[in-house]
Amino acid sequence: MASASLDWRVNDGTMALSGDLNRETLMPLWDARQTFIPPEVHTLDVAGLDRVDSPGLAMLVYLLDATSARKRPVMLVGLTEKLSSLMALYNLQQIIQPYLVSQSEGL
């Protein structure tokens, strides 16, 4: 089995995550958590995540919360059915809701 990896790229104000967001890939992200999401980023796209486990979900919530004090908090797009189900399992819908970009808003 191939080892898990997490990749990210920033383009035009959007940070796109891809790969696996789990306990095996979290350490580089945790180490850089204070500066991981640059000030110019206003959207976090999670559509490219293949796998997210409980620690990965906790990190995602942490990152969103850490940007809430910004003048323009980071919004979440690309929520997959699997990730939505994991959020529902932990009853996080109300916590995540303020960060979701509605379909009518667009980017």
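Taking an unreviewed UniProt entry as the reference, the protein chain is identified by name as Anti-sigma B factor antagonist belonging to Leminorella grimontii.

Visitor: Please clarify how the sheet that holds strand β3 (residues 43-52) should be interpreted in this entry.
Guide: Strand-to-strand pairing in sheets goes through backbone hydrogen bonds, with the strands running parallel or antiparallel. Across the sheet, four strands lie side by side as β1-β2-β3-β4; this open sheet has mixed pairing. Two strands in the sheet have a free side with no partner beyond their single neighbour: β1 (6-11) and β4 (75-77). In this sheet, neighbouring strand axes are inclined to one another by 20 degrees on average, regardless of whether the strands run parallel or antiparallel. Bridge analysis of β1 against strand β2 (residues 14-21) gives six bridges, and the strand direction is antiparallel. Across the sheet, the residue bridging to V10 is M15, located in β2.

Visitor: Help me out: how do you make sense of helix α3 (residues 81-89) in this one?
Guide: One turn of the α-helix equals 3.6 residues, which is why residues spaced by three or four share an orientation. Those residues of α3 not exposed but buried are L83, L86 and M87. Angularly, the buried residues of α3 cover 100 degrees about the axis, an arc narrow enough to put them on a single face. Summarising the geometry of α3, the exposed residues directed more than 90 degrees from the buried face are E81, K82 and L89. Looking at the buried side of α3, the elements it contacts are β3, α2 (54-66), β4 and α4 (93-96). Positioned one or two residues after α3, N91 has a phi angle of 55 degrees, which is positive.

Visitor: It is not clear to me how the side chain of T43 should be interpreted in this structure. Could you clarify?
Guide: Mapped onto the fold, T43 is located in strand β3. T43 sits in the buried class, given a relative accessible area of 3%. Among the polar contacts made by the side chain of T43, one reaches the side chain of H42 at a distance of 2.9 Å.

Visitor: Before we go on, may I ask you to explain unusual backbone geometry in this structure?
Guide: Glycine aside, the phi torsion of most residues is negative, and most peptide linkages are trans. You will see that D12, though not glycine, has its phi angle at about 55 degrees, which is positive. Position of D12 among the secondary structure elements: in the loop between β1 and β2. Residue D12 is classed as exposed on the basis of its relative accessible area of 73%. Here the phi dihedral of N91 falls at roughly 55 degrees; this positive angle occurs in a residue that is not glycine. Structurally, N91 is set in the loop between α3 and α4. A relative accessible area of 61% places N91 in the exposed class.

What counts, and where the lines are drawn
- Residues numbered from 1 in each chain as written.
- Predicted model: local features only at pLDDT ≥ 70, side-chain atom pairs only at ≥ 80, totals over all residues.
- Heavy atoms only, no water.
- Pairing = 2+ DSSP bridges.
- Helix = DSSP H or I, 4+ residues; strand = E, 2+ residues; numbered from the N terminus.
- Axes fitted to C-alpha atoms, helices over the stretch in contact; angles between N-to-C directions.
- Buried < 20%, exposed > 50% of the residue type's maximum accessible area, 1.4 Å probe, protein only.
- Arc of directions from axis to C-beta.
- Contact = heavy atoms within 4.5 Å.
- Polar contact = N/O pair within 3.5 Å; in protein donor to acceptor, adjacent residues only side chain to side chain.

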